[in-house]
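# Observations on the three-dimensional arrangement
In case you want the letters, here they are:
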Amino acid sequence: MLFESLLNNGNEYVNISNEKIGQFSFKKLLNRPLNVCYIGAGYVGGASSSVMAYKCPEKDVIVTVCDVDSKKIDSWNSDNLPIYEPGLEEIVKDRRGKNLFFTNDLDNSIYSADVIFISVGTPTKKRGIGANQAAELSYIESAAKKIATISRNSKIIIEKSTVPCKTAEHIRSILDANKIKNNINLYKETVENEDLNILNISRSSSNATLNENDNVIEDSIESDKNNERSIHFEILSNPEFLAEGTAVNDILNPDRILIGGLPTKKGLIAQEILSKLYSYWIPEEKIIKMGLWSAELSKLTSNALLAQRISSINSLSALCEEVGADIQEVSYACGLDSRIGPKFLNASIGFGGSCFQKDVLNLIYLSNYFNLPEVADYWNQVIVMNEYRKSRFIKNIFNKLFHTINGKVISIFGFSFKKNTKDTRESPAIAVVLSLLREGAIIKIYDPKVSLVQIKNDIKENSNKDEYYEFISKITICNSCYEATDGANAIVICTEWDEFISLDYNRIYKQMMKPAFVFDGRLILNHKELKNIGFHVETIGKKL
């Protein structure tokens, strides 16, 4: 296989190192396609694998995405993908069944792979040591054990998931402890009824498995019995920096590709192979090779610094409200400084999503673990400020609605944590809706992408059993903003969907109860026009 060949043949390593970016071909090197496997068909695994298959020649690279969740795989193989990203559906349909395959057959996918990306979830632990801060690594561990017990040749294992620093050491110990040595017959019993294909890969459908003639398996097993060859796993860190809502473009045109590895011969070869894989569409100057631990920590700190930036501007938005300044003007003035720049300086009701809070909490846990309490306290304030911004916004709604919300109809515009995604993880809208429900409000929600099932799940996960059934009875999911505002007392903007900007607010005002309120939690509306229509307008970071 690829990695073993390069380890044992110095000339081939020299050739791959000297091959020019953009001219390299795995088909030319191997006389077959490179087999890439992604374990985990979630946001990162599904999006990054699809773009990789799209940008790599069909005859050079075959990408297989495997997951134990059959429903998720079925969704990837359907017209209703499990995630929404602008442009992703077109890419998947273009390459699915050609050099992009989705399957729940982990064994065959791992067996045939040259390169394996681990892209499973690493959520925040909910209980035990490190609860509510540390990353839950059980899925990483399960993936590593599976790779070790199925693999029959050396492979490159790549951390794609966001993980704490030094996770690669943990993965390495699991791989080394569980890799096959003499238990050939045990593996044969596992795969003897499976059709495996290492050299000539063919699939008749997008969920097909890898096929191989039985005699190839027998030859491989017999060879292992005689040689007892040593399997080597080289671990790299290749964090994904995509942002939901712009994921496809972020993968197509990244700011950088980090490839972290150990400074050994095997580590350098593995880094070079992964670099060549990305070279099909990424310029050489954007592919950065570095130490393994630096790459792991870079992802955590990148997200922490972005979250810090949002909390910083949100803290200043509260001060602006008190002194009469305009946070948008302040943000603009600060963003003109080339040392600061304008990005992530938009005040809002707080950040959400699967990454920012999780990664900041992980950084806090690591700091405490290594006895750095001052560092932990510093980053904890990023979370404290995010919660404060949400609670301040909610209190303002309560105050402006005359200190009573019971029985009032509140229209919620947007439930996803940001526009152009249907992801609701840590969405500020959840905290807003729950707080209003606990005050007795009747809630009408419109979001162009978030489903009723997802909203119910979010309410259920964040309330107790008795509350849940009461809350659900007071929530209506609407098909348009106009339906959501019919008879409403107030509008609350929780997500910055573009369509909310161009609505007919004259029409909306006429069908609302009076006085009609608008609470703009994303600073996206024309507040002067709304006031001229007759709305009472409240927003963040300024007095109107």
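Small disclaimer: the values here were computed from a predicted structure and weren't measured. (Residues numbered from 1 in each chain as written. Predicted model: local features only at pLDDT ≥ 70, side-chain atom pairs only at ≥ 80, totals over all residues. Heavy atoms only, no water.)

## A short note on the pattern of salt bridges
If you walk through the whole model with that rule in mind, you get 25 salt bridges. Between R339 and D337 there is a salt bridge whose closest N-O contact spans 2.7 Å. What makes D337 partly exposed here is its relative accessible area of 21%. In this structure, K419 and D498 form a salt bridge, with 3.0 Å as the shortest nitrogen-oxygen distance. Of this pair, K419 sits in the loop between β9 (409–413) and α18 (428–438) while D498 sits in the loop between β12 (490–493) and α22 (505–511), and the two are 79 residues apart along the sequence. Of the residues examined, K419 reaches a relative accessible area of 26% and is grouped as partly exposed. For D498, a relative accessible area of 46% corresponds to the partly exposed category. (Salt bridge = Lys/Arg side-chain N within 4 Å of Asp/Glu carboxyl O. Buried < 20%, exposed > 50% of the residue type's maximum accessible area, 1.4 Å probe, protein only. Helix = DSSP H or I, 4+ residues; strand = E, 2+ residues; numbered from the N terminus.)

## Some thoughts on the sheet that holds strand β13 (residues 517–520)
Strands sit in the order β11-β10-β9-β12-β13-β14 across an open sheet of 6 strands; the sheet is parallel. For this open sheet the edge positions go to β11 (475–477) and β14 (536–539), each flanked by a neighbour on one side alone. With direction set aside, neighbouring strand axes in the sheet form an average angle of 20°. In this sheet, β14 lies alongside β13 in parallel orientation, the contact comprising 4 bridges. Counted as the bridge partner of V518 is V537 from β14. (Pairing = 2+ DSSP bridges. Axes fitted to C-alpha atoms, helices over the stretch in contact; angles between N-to-C directions.)

## A look at the environment of A304
By the element assignment, A304 lies in helix α14 (residues 292–323). Residue classification places A304 among the buried residues on the basis of a relative accessible area of 0%. Once the C-alpha coordinates of A304 and D359 are considered, the two residues, 55 residues apart in sequence, prove to be 6.4 Å apart. Filtering out sequence-adjacent residues up to four positions away, A304 remains in contact with V360, L363 and W379. (Contact = heavy atoms within 4.5 Å.)

## A word on helix α17 (residues 373–400)
End to end, α17 covers 40 Å across 28 residues, agreeing with the expected 40 Å (1.5 Å per residue, within 8%). Immediately beyond the C-terminal end of α17, within one or two residues, lies F402, with a positive phi of roughly 65°. (Expected span 1.5 Å × (residues − 1).)

## Thoughts on the environment of I251
By the secondary structure assignment, I251 is in helix α12 (residues 247–252). Along the primary structure I251 and S50 are separated by 201 residues, whereas in three dimensions their C-alpha atoms are 9.9 Å apart. Once you skip the residues sitting within four places of it in the chain, I251 turns out to touch A47, S48, V51, E240, L242, W281 and I282.

## So, the packing of aromatic side chains
Evaluation of the coordinates by the stated rule reveals 16 aromatic pairs. Between F413 and F500, the aromatic rings sit 5.1 Å apart at their centres with planes inclined by 40°, giving tilted as the arrangement. Note that F413 is positioned in strand β9 and F500 in the loop between β12 and α22, a separation of 87 residues in sequence. When its relative accessible area of 0% is taken as the criterion, F413 is described as buried. By relative accessible area, F500 is classed as buried at 0%. Between F517 and F519, the aromatic rings sit 6.0 Å apart at their centres with planes inclined by 10°, giving stacked as the arrangement. The buried category is assigned to F517, whose relative accessible area is 6%. The class for F519 is buried, based on a relative accessible area of 0%. Each member of the aromatic cluster is reached from another via a ring pair, and the members are F344, F351 and F356. (Phe/Tyr/Trp six-rings, centres within 6.5 Å; stacked < 30°, edge-to-face > 60°.)

Without other data, these values stay purely geometric and don't point to any function.
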